[in-house]
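Commentary on secondary and tertiary structure
Letter by letter, the chains look like this.
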Amino acid sequence: MRLGILTGGGDAPGLNAVIRAVVRNATRTYGWPSVVGIPEGFKGLVEPLEPIELTPDTTRNLINRGGTILHTTNRANPFQYPTPDGGYEDRSDRVLERAEELGLDALVVLGGDGSLNIAHELAQKGLTVVGTPKTIDNDIRGTDLTFGHMSAVATAAEALDRLHTTAESHHRIIVVELMGRYAGWIALRAGLAGAADGILLPEIPFDLNRLCADIRARAREGSPSSIIAVGEGALPAGGAISIQAQGSGVYQPQLGGIGAQVAQKLQEGTNLESRVTVLGHVQRGGAPVPHDRILATQYGVAAVDALAQGKSDCLVALQRETIEPIPLDQVVGGFRPVPLDHPLVDSARKIGVILGD
Ligand code: F6P
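Note that this is a predicted model, so its numbers are computed, not measured.

Overview of the site of the ligand
Around the ligand, the neighbouring residues are Asn74, Thr135, Ile136, Asp137, Met179, Gly180, Arg181, Glu232, His281 and Arg284. Between Gly180 and the ligand, the recorded distance is 3.0 Å, taken from a backbone N or O atom to an oxygen atom. With respect to the ligand, the side chain of Arg284 contributes an N or O atom lying 3.0 Å from an oxygen atom. Taking 400 Å² as the accessible area of the ligand by itself, protein coverage stands at 79%. Taken together, the residues of the shell around the ligand sort by class into 2 nonpolar, 4 polar and 4 charged. Mapped onto the domain boundaries, the shell around the ligand takes at least three residues apiece from domain 1 (2-147 + 288-330) and domain 2 (151-284).

Rendered as structure tokens:
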């Protein structure tokens, strides 16, 4: 068995830990001689980029390394591949040819919804492929947790800790815009861990008047400073999501800007000085936390086990403590928002966190 592996879309802490686990399980348990690393995501299967032979030796000391040693891109969908004139063309046949040239029997895709969708389409064209759920956003359907998410939450929670002391010193409101696209998992978990006074999620459109009234009430009751964690996809009731840059062709729009808007409206509506911090890609960088290192290792092991059992067109997914392959068509074509009755939302409400509704 000659296995290829690639990392697609935005990076997330834990990618290298999955690569390490795939290589170790493939070589040690199944005796497959090596794993072929495909550089730069699906681009490396369209363009003649030099593959990287991965062995237990070349993948040493990877469990705690952030980023991806294979590099990645979110601009290389083989089904709508960018052309020099700014258009798109279908290069998916080239991927199958390239897989054959490289002697690949199967491919492991470490990806989020975009890459998993591509993996599913390639599987339908005959490629043997297994996905692992990567994204800091935790928004992939069918799995309880994606790797990278808990590391982003840890980084964001640490930022909230720091912002509390400066906000308290100045009696200010500080709004912290966090990543997560259309799902509020990062804002919710980081907000809880970092003791945010308010958490605004895409899933709960906020009422600005209500929000200002709640913050004024806090000030009256002796807390003139407030920390508000805002998911980048959060929006006012009846309003729209803030977009920094429109998507092009198959590519997602870039979200952002809601933090600054909320800070300005809060300053106007409460007369309290307000500031905004946009945490940005800090949330994606750096070493994975131990929870992600372990989860990434389990996903890497499970991906190889699934291939050894003859599985394809599936995602290895965490469902109540166990990791099992599930069909990719149950995963792609949608995302996983925070359910409004999720226990974390309930806990936030019960400890008095302002949710803006
Ligand atoms: O999906 C992960 C994520 O970090 C989102 O939270 C964010 O909206 C987006 O990627 C940013 O992507 P880019 O790599 O294009 O800046």
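Points about the domain arrangement of the chain
Frequently, the measure chosen for interface size is the accessible area removed from exposure when the parts meet. In terms of domain boundaries, the chain breaks down into domain 1 (2-147 + 288-330) and domain 2 (151-284). If you look at the interface, domain 1 gives 20 residues, while domain 2 gives 17 residues. Contact between domain 1 and domain 2 buries roughly 1500 Å² in total, counting both sides, with carbon and sulfur atoms accounting for 51%. Interface area lost by domain 1 to domain 2 is led by Tyr88, Ile136 and Asp137, which between them contribute 36%.

Regarding the packing of helix α1 (residues 15-29) against helix α9 (residues 290-308)
Relative to each other, α1 and α9 sit at 40 degrees, their axes nearing to 7 Å. The angle between the axes of α1 and α9 places the two elements in the oblique class. Crossing of α1 over α9 shows right-handed handedness. From α1, Ala17, Val18, Ala21, Val22, Asn25 and Ala26 reach across to α9, where they touch Arg293, Ala296, Thr297, Gly300, Val301, Val304 and Asp305. Tallied by class, residues from the contact of α1 with α9 come to 8 nonpolar, 3 polar and 2 charged.

What about helix α4 (residues 113-124)?
Helix length check: α4, at 12 residues, gives a terminal C-alpha distance of 17 Å against a target of 16 Å (1.5 Å per residue), a fit within 8%. Looking at α4, one finds that the buried residues are Ser115, Leu116, Ile118, Ala119, His120, Leu122 and Ala123. Tucked inside the fold, the buried residues of α4 contact α3 (92-101), β6 (106-111), β7 (129-133) and β14 (314-319). Note on α4: the residue one or two positions beyond its end, Gly126, has a positive phi of about 115 degrees.

Thresholds applied
Residues numbered from 1 in each chain as written. Predicted model: local features only at pLDDT ≥ 70, side-chain atom pairs only at ≥ 80, totals over all residues. Heavy atoms only, no water. Near = heavy atom within 4 Å. Polar contact = N/O pair within 3.5 Å; in protein donor to acceptor, adjacent residues only side chain to side chain. Areas by Shrake-Rupley, 256 points an atom, 1.4 Å probe, with all protein chains shown as cover. Nonpolar A, V, L, I, M, F, W, Y, C, P; charged D, E, K, R; others polar. Domains from an automatic or database assignment. Contact = heavy atoms within 4.5 Å. Buried area = accessible area lost by both parts, 1.4 Å probe. Axes fitted to C-alpha atoms, helices over the stretch in contact; angles between N-to-C directions. Helix = DSSP H or I, 4+ residues; strand = E, 2+ residues; numbered from the N terminus. Parallel < 35°, antiparallel > 145°, perpendicular 65-115°, else oblique. Left-handed = near helix turned anticlockwise from the far one by under 90°. Expected span 1.5 Å × (residues − 1). Buried < 20%, exposed > 50% of the residue type's maximum accessible area, 1.4 Å probe, protein only.

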